[in-house]
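Okay, here's what each chain looks like letter by letter:
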Amino acid sequence: METAAPSAVIVAIDGPSGTGKSSTSKAVAAKLGLRYLDTGAQYRAITWWMITNGIDTDDADAVALAAGKPAIVSGTDPAGPTITVDGVDASGPIRTREVTSKVSAVSAVPEVRALITDLQRSIAAAAEGGIVVEGRDIGTTVLPDADLKVFLTASPEARAARRSGELRGKEAADVAATKEALIKRDAADSGRKTSPLAKAADAVEVDTTELTLEQVIECVVTLVEEKRAGRK
Ligand SMILES: Nc1ncnc2c1ncn2[C@@H]1O[C@H](COP(=O)(O)OP(=O)(O)O)[C@@H](O)[C@H]1O
Ligand SMILES: Nc1ccn([C@@H]2O[C@H](COP(=O)(O)OP(=O)(O)O)[C@@H](O)[C@H]2O)c(=O)n1
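Residues numbered from 1 in each chain as written. Chains lettered and ligands numbered in written order. Predicted model: local features only at pLDDT ≥ 70, side-chain atom pairs only at ≥ 80, totals over all residues. Heavy atoms only, no water.

1. Some thoughts on the overall build of the protein chain
Part 1 of the argument: Helices and strands together make up the secondary structure of the protein chain, namely 9 helices and 8 strands.
Part 2 of the argument: Against the compact-globule benchmark of 17 Å for 232 residues, the protein chain has a radius of gyration of 17 Å, which places it among compact chains.
Part 3 of the argument: Within the protein chain, the fraction of its 232 residues that count as buried is 45%.
Part 4 of the argument: Sequence separation of 24 or more characterises 78% of the internal contacts of the protein chain that already satisfy a separation of 6 or more.
Part 5 of the argument: If you sum the accessible surface of the protein chain, you get close to 11200 Å²; carbon and sulfur atoms cover 54% of it.
Part 6 of the argument: With 28 positive and 33 negative side-chain charges, the protein chain shows a spacing of 1 Å between the two charge centroids. (Helix = DSSP H or I, 4+ residues; strand = E, 2+ residues; numbered from the N terminus. Rg over C-alpha atoms; globule rule 2.2 N^0.38 Å. Buried < 20%, exposed > 50% of the residue type's maximum accessible area, 1.4 Å probe, protein only. Contact = heavy atoms within 4.5 Å. Areas by Shrake-Rupley, 256 points an atom, 1.4 Å probe, with all protein chains shown as cover. Lys, Arg positive; Asp, Glu negative; His and termini not counted. Charge placed at Lys NZ, Arg CZ, Asp CG, Glu CD.)

2. Digging into the site of ligand 1
Part 1 of the argument: With respect to spatial proximity, 16 residues lie near ligand 1, and among them Gly 18, Lys 21, Ser 23, Arg 163 and Glu 166 are the closest.
Part 2 of the argument: Separating a nitrogen atom of ligand 1 from a backbone N or O atom of Leu 211 is a distance of 2.8 Å.
Part 3 of the argument: Leu 213 is positioned such that a nitrogen or oxygen atom in its backbone is 3.3 Å from a nitrogen atom of ligand 1.
Part 4 of the argument: Protein chains bury 77% of the 560 Å² of accessible surface belonging to ligand 1 in isolation.
Part 5 of the argument: Among the secondary structure elements, those contributing two or more residues to the shell around ligand 1 are α1 (21-32), α7 (156-165) and α9 (213-231).
Part 6 of the argument: Considering every element that reaches the shell around ligand 1, the biggest residue donor is α1, with 3 residues.
Part 7 of the argument: Classifying every residue of the shell around ligand 1 by side-chain character gives 4 nonpolar, 8 polar and 4 charged. (Near = heavy atom within 4 Å. Polar contact = N/O pair within 3.5 Å; in protein donor to acceptor, adjacent residues only side chain to side chain. Nonpolar A, V, L, I, M, F, W, Y, C, P; charged D, E, K, R; others polar.)

3. Let's talk about unusual backbone geometry
Part 1 of the argument: Although it is not a glycine, Asp 86 sits at a positive phi angle of roughly 50°.
Part 2 of the argument: Summarising the element assignment, Asp 86 is placed in the loop between β4 (82-85) and β5 (88-89).
Part 3 of the argument: Notably, Ser 195 is not glycine yet its phi reads approximately 30°, a positive angle.
Part 4 of the argument: Looking at the element boundaries, Ser 195 is found in the loop between α8 (173-191) and β8 (204-207).

4. Quick look at the nonpolar core
Part 1 of the argument: Counting 22 residues, the largest nonpolar core has Ile 46, Ile 72, Ile 83, Val 85, Ile 94 and Val 112 as the members making the most contacts within it.
Part 2 of the argument: Those elements that provide at least two residues to this core are α2 (39-52), α3 (60-66), β4, α4 (97-107) and α5 (110-126).
Part 3 of the argument: Setting aside residues up to four positions removed in sequence, Ile 46 forms contacts with Ala 67, Pro 70, Ile 72, Val 106, Val 112 and Ile 116.
Part 4 of the argument: By size, the runner-up hydrophobic cluster in this structure holds 19 residues, among which are Val 11, Val 28, Ile 217 and Leu 223. (Core = buried A, V, L, I, M, F, W, Y, C linked by side-chain atoms within 4.5 Å.)

5. Quick word on the site of ligand 2
Part 1 of the argument: Around ligand 2 sit 19 residues, and of these Ser 17, Arg 44, Arg 113, Arg 185 and Asp 189 come closest.
Part 2 of the argument: Arg 163 is positioned such that a nitrogen or oxygen atom in its side chain is 2.9 Å from an oxygen atom of ligand 2.
Part 3 of the argument: Contributions of two or more residues to the shell around ligand 2 are made by α2, α4 and α8.
Part 4 of the argument: Considering each element in turn, the shell around ligand 2 owes the most residues, 4 residues, to α2.
Part 5 of the argument: When its residues are assigned to classes, the shell around ligand 2 shows 3 nonpolar, 6 polar and 10 charged.

Spelled out as structure tokens, the structure:
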């Protein structure tokens, strides 16, 4: 891996769904002038490509064979992150319920992880001023030498309520369904063999259940500033 510029800071933010990774990472990157990478969007993009190309996402061999075909490109401006697949904007289609229900199976395939991990490392190495990278295995596997590792957690109830809040005009029953789907995805992501969702031994754990988004952002900004001050 290339060495980043001395002032560059690499921040890894991991945790399960709905803990606030994307919102926190984007805001921290914008405040500190860093780039931003949503690695979940990359796994969603490859999953969307598999679905649209008729690959059975439960067939690990078929997924492995096709994994190198799509060209996935991530734009890392925290004010407007982008993702394209073979030149087509995929930011909308990767958020569908179908992709969400199939992404854990695709992301568990070792060949998929190897390709996406290489891509993530090259994006981080190219971010001269530093970057915030969020996902599930950034601190443990993708960027084990990150300057700061944060692991966000929150109760399943809080996470489901946050996710349901994004679905406008839905009934309370959807919170229960969302919670069930979240727990299922957490179990699949934590239980897979290749780089499962896990807290790195040297990560700072932040439970966001009782915190506002602003408080979480301030907490992470302070942690980054402390790291930067310690390096001077
Ligand atoms: N601390 C918080 N308190 C309340 N809502 C939050 C908090 N953090 C994030 N949210 C909201 O929860 C939803 C999920 O957050 P997101 O950043 O997408 O989580 P993740 O990337 O971990 O899945 C968003 O609508 C976001 O605005
Ligand atoms: N570094 C990462 C990031 C995401 N993923 C996979 O991608 C899925 C979608 O990630 P995401 O961050 O978009 O999910 P949400 O937290 O936004 O719901 C996860 O459930 C994992 O299966 C992964 O395996 N490794």
